[in-house]
Amino acid sequence: MTGTALTATPVDAPRSAPLGRLLGAELRWVLRRPRTLVMLAVFALVPVLISVGVAVAGRGSGPGAGLVGAVAGNGLVLPVAAMTLALALLLPLAVAMAAADAIAGETSHGTLRGLLVAPVGRLRLVVMKAYGVLVVATLATLALAVVGVVAGLVVVGGADGQLVTLSGTTVGVGEALARVALVVVWTVGQLAAVGAIALAISSYTEHPLVVLASVLGGLIVFGVLTAIPSLDWLQPYLLTSGWTAGADALRDPLPLGGIAESSLRALCYAAIGSGLTVHRMLRRDA
């Protein structure tokens, strides 16, 4: 009789949660953090401040004033200029913060242990955390692009609804928006590489500040190495050496060499960072 009862009430084996549910939970966790909302508001404010500054300064910037000077009277340049400027520091900082909270932050608060012993799977956990970092990178870039387009057309104004390229030609609003979208995708790709490296560092430490210091310190070192002429042979290996390629979208005809080369470099960094993260998390003690 006892044997019959045991047979009739089998113990259910733990089942993994669906990946879609895990990604949805990570998305809600990321978007509910006050720091994420404040950060997105700051990124939305950047193109507004640039547009107001350009509108107040007027057209007196003159030739050779750089990318920001090209915004005057040519509002569709603004989103590309905002993304290019933010890529130098602000966007990597946002991605590094998200990656630091993803693993190192969970470790410091003692919540990562619960995730590691739960029936989730180590690889799924890495995918879930990488997804959260990518969401932050995408939302921050879109905030710059969307608000940049609106502020550029409303505050700065456009050249009869067209984009005047840095080559002196004009393109229609449809092609101009397509070029902005290209820069958005390219920027997210560069940030994905930064996020992958930051996530790898985050998996090896329990201190989020170590992740921020490592990523920002590394980007500063890369920038210094890029500025040294005698180290030109290092350029193909430095992630930041191609971060000005987004401005190529404002040229006519559109040169894709720099964008393709920097994208391939970012893909290599993303593969290395992802591999290190997976290696660490699969072998990490609960």
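Structure: see above.
Read on for an overview of the structure. Source: prediction; values computed, not measured.

### Points about the overall build of the protein
Of the regular secondary structure elements, the protein holds 10 helices and 2 strands. In sequence order, the protein lays out its α and β elements as α-α-α-α-α-α-α-β-β-α-α-α. Going through the 286 residues of the protein one by one, you find that 43% of them count as buried. The long-range share in the protein, meaning contacts at least 24 apart out of those at least 6 apart in sequence, stands at 80%. For the protein, the exposed area adds up to about 14,100 Å²; of that, 70% sits on carbon and sulfur atoms.

### Let's talk about helix H2 (residues 19–31)
The end-to-end C-alpha separation of H2 is 18 Å, in line with the 18 Å expected for 13 residues at 1.5 Å each. Along H2, the residues that are buried comprise Leu22, Gly24, Glu26 and Val30. Looking at the packing, one finds that the buried side of H2 touches helix H3 (34–57) and helix H7 (122–156).

### Some details on helix H4 (residues 78–87)
Spacing of three or four residues puts side chains on the same side of an α-helix, whose turn is 3.6 residues. Counting buried positions along H4 yields 9 of 10 residues, so the element is predominantly enclosed. Along H4, the positions that sit buried rather than exposed are Leu78, Pro79, Val80, Ala81, Ala82, Met83, Thr84, Ala86 and Leu87. Where H4 is buried, its residues contact H3, helix H5 (90–108), H7 and helix H8 (173–203).

### Some thoughts on the nonpolar core
Core analysis: the largest hydrophobic core is formed by 70 residues, its most contacted members being Phe43, Leu91 and Leu144. Counting residues per element, this core draws most heavily on H7, which supplies 13 residues. Ignoring any residue separated from it by four or fewer positions in sequence, one finds Leu91 in contact with Phe43, Met83, Ala86, Ala140, Thr141, Leu144, Thr187 and Leu191.

### Quick look at the packing of aromatic side chains
With the rule as written, the count across this model stands at 1 aromatic pair. Measuring from ring centre to ring centre gives 6.5 Å for Phe222 and Tyr269, while their planes differ by 70°; the resulting arrangement is edge-to-face. One end of the pair, Phe222, is in helix H9 (residues 208–226); the other, Tyr269, is in helix H10 (residues 257–282), with 47 residues separating them in the sequence. Residue Phe222 is classed as partly exposed on the basis of its relative accessible area, which comes to 22%. Judged by relative accessible area, which is 18%, Tyr269 ranks as buried. The lysine or arginine in question, Lys129, covers the ring of Trp29, its NZ or CZ lying 4.8 Å from the ring centre.

### Details of the pattern of salt bridges
Within this structure, the stated rule accounts for 7 salt bridges. Here Lys129 ties to Glu26 by a salt bridge, and the two come within 3.5 Å at their closest N and O atoms. A residue pair is termed long-range when its members are at least 10 positions apart, and Lys129 in helix H7 and Glu26 in helix H2 qualify at 103 residues. In terms of burial, Lys129 and Glu26 fall into one category: buried. For the salt bridge of Arg35 with Asp101, the shortest nitrogen-to-oxygen distance reads 2.8 Å. Separated by 66 residues along the polypeptide, Arg35 in helix H3 and Asp101 in helix H5 bring together distant segments of the chain. The partly exposed category is assigned to Arg35, whose relative accessible area is 46%. According to the relative accessible area criterion, Asp101 is buried, its value standing at 13%. One network of salt bridges, in which partners are shared, links Arg33, Arg35 and Asp101.

### Concerning a nonpolar patch on the surface
Taken together, Leu31, Val52, Val56, Leu139, Leu142, Val146, Val150, Leu153, Val154 and Val155 make up a surface patch of nonpolar side chains, about 830 Å² in accessible area. When residues of the nonpolar patch are traced back to their parent elements, those giving at least two are H3 and H7. With 7 residues, the top contributor of residues to the nonpolar patch is H7. Looking at where Leu142 falls in the secondary structure, it is placed in helix H7.

### What to know about the packing of H3 against H4
Packing of H3 against H4 brings their axes to within 10 Å, and their N-to-C directions diverge by 120°. Taken together, H3 and H4 sit at an angle that is classed as oblique. Pair H3 / H4 crosses with right-handed handedness. Here H3 contributes Pro47, Ile50 and Ser51 to the contact with H4, which in turn contributes Leu78, Ala82 and Leu85.

### Thoughts on the side chain of Thr84
Its place among the elements puts Thr84 in helix H4. With a relative accessible area of 18%, Thr84 lands in the buried category. Side-chain polar atoms of Thr84 contact the backbone oxygen of Val80, separated by 2.8 Å. Not counting residues up to four positions away in its chain, the partners in contact with Thr84 are Leu67, Trp243 and Ala247.

Quick notes on the rules
- Residues numbered from 1 in each chain as written.
- Predicted model: local features only at pLDDT ≥ 70, side-chain atom pairs only at ≥ 80, totals over all residues.
- Heavy atoms only, no water.
- Helix = DSSP H or I, 4+ residues; strand = E, 2+ residues; numbered from the N terminus.
- Buried < 20%, exposed > 50% of the residue type's maximum accessible area, 1.4 Å probe, protein only.
- Contact = heavy atoms within 4.5 Å.
- Areas by Shrake-Rupley, 256 points an atom, 1.4 Å probe, with all protein chains shown as cover.
- Expected span 1.5 Å × (residues − 1).
- Core = buried A, V, L, I, M, F, W, Y, C linked by side-chain atoms within 4.5 Å.
- Phe/Tyr/Trp six-rings, centres within 6.5 Å; stacked < 30°, edge-to-face > 60°.
- Lys NZ or Arg CZ within 6 Å of the ring centre and 35° of its normal.
- Salt bridge = Lys/Arg side-chain N within 4 Å of Asp/Glu carboxyl O.
- Patch = residues over 30% accessible without salt bridge, like charges linked within 9 Å, V, L, I, M, F, W, Y side chains within 5 Å.
- Axes fitted to C-alpha atoms, helices over the stretch in contact; angles between N-to-C directions.
- Parallel < 35°, antiparallel > 145°, perpendicular 65-115°, else oblique.
- Left-handed = near helix turned anticlockwise from the far one by under 90°.
- Polar contact = N/O pair within 3.5 Å; in protein donor to acceptor, adjacent residues only side chain to side chain.

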